[in-house]
Amino acid sequence: MSKANVSIQVLPSVPEEKLYPVVDKVIEYIDSTGVKYEVGPMETTMEGELDLLLDIVKKSQEICINEGAARVCSVIKIDYKSEGVTMDEKVYKYR
């Protein structure tokens, strides 16, 4: 399967003082997977095989629950094409 981009914004239902620590745990997990990723102010975008990225999305939900969230809502964006798509091809002219 070709490279895809998946963006995830996790919105765990936790007290405000716990929000960033829970999100940090998700980002630490994404980092541990070895996929290319970029953290933005509203979401984290990853690059890799779609099945792997979707597994990361699933695990990210579990991390939020394990960190005390009663519920987690997430916004997911997927950019996929058969020949593959990279983050660099989308943003290189702005860097």
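What counts and how
Residues numbered from 1 in each chain as written. Predicted model: local features only at pLDDT ≥ 70, side-chain atom pairs only at ≥ 80, totals over all residues. Heavy atoms only, no water. Helix = DSSP H or I, 4+ residues; strand = E, 2+ residues; numbered from the N terminus. Buried < 20%, exposed > 50% of the residue type's maximum accessible area, 1.4 Å probe, protein only. Polar contact = N/O pair within 3.5 Å; in protein donor to acceptor, adjacent residues only side chain to side chain. Core = buried A, V, L, I, M, F, W, Y, C linked by side-chain atoms within 4.5 Å. Contact = heavy atoms within 4.5 Å. Expected span 1.5 Å × (residues − 1). Axes fitted to C-alpha atoms, helices over the stretch in contact; angles between N-to-C directions. Left-handed = near helix turned anticlockwise from the far one by under 90°. Nonpolar A, V, L, I, M, F, W, Y, C, P; charged D, E, K, R; others polar. Disulfide = S-S within 2.5 Å.

### What to know about the side chain of Thr-45
Along the chain, the position of Thr-45 falls in strand E3 (residues 44-49). With relative accessibility at 18%, the residue Thr-45 sits in the buried group. Here the side chain of Thr-45 touches Ser-7 through a polar contact of 2.6 Å, side chain to side chain.

### Some words on the nonpolar core
By size, the foremost hydrophobic cluster in this structure holds 20 residues, and its most contacted members are Val-10, Ile-30, Met-46 and Cys-64. Breaking this core down by element, the ones donating at least two residues are strand E1 (3-12), helix H1 (16-33) and helix H2 (50-66). If one sorts the elements of this core by residue count, H2 sits on top with six residues. Contacts of Val-10, omitting those with residues within four sequence positions, involve Val-23, Val-26, Ser-60, Gln-61, Cys-64, Val-72, Cys-73 and Ser-74.

### A look at H2
When the terminal C-alpha atoms of H2 are compared, their 24 Å separation across 17 residues agrees well with the 24 Å that a helix rising 1.5 Å per residue should span. Against the buried residues of H2 lie E1, H1, E3 and strand E4 (72-79). Gly-68, located one to two residues past H2, shows a positive phi value of around 110°.

### Concerning H1
The terminal C-alpha atoms of H1 lie 27 Å apart, and with 18 residues this matches the ideal 26 Å at 1.5 Å per residue to within 8%. Elements in contact with the buried residues of H1: E1, strand E2 (36-39), E3 and H2. One or two steps after H1, the chain reaches Gly-34, where phi turns positive at roughly 85°.

### What about the packing of H1 against H2?
For the pair H1 and H2, interaxial distance at closest approach is 9 Å and the crossing angle is 145°. As H1 packs across H2, the resulting crossing turns out to be right-handed. Within the contact between the two elements, H1 uses Val-22, Lys-25, Val-26, Tyr-29, Ile-30 and Thr-33 and H2 uses Ile-56, Lys-59, Ser-60, Ile-63 and Cys-64. Partitioning the contact of H1 with H2 into residue classes produces seven nonpolar, two polar and two charged.

### Regarding the side chain of Gln-9
Looking at the secondary structure, you find Gln-9 in strand E1. Look at Gln-9 and you get buried, because its relative accessible area is 18%. In this structure, Gln-9 is in contact with Met-42, Glu-43, Cys-73, Ser-74 and Val-75, ignoring residues within four places of it in sequence.

### Points about the state of the cysteines
Here, the word disulfide means a covalent bond between the sulfur atoms of two cysteines. Tallied over the entire structure, the rule returns zero disulfides. Note on Cys-64: no disulfide assigned, nearest cysteine sulfur contributed by Cys-73 at a separation of 10 Å. On the basis of relative accessibility, which here comes to 0%, the residue Cys-64 falls in the buried class.

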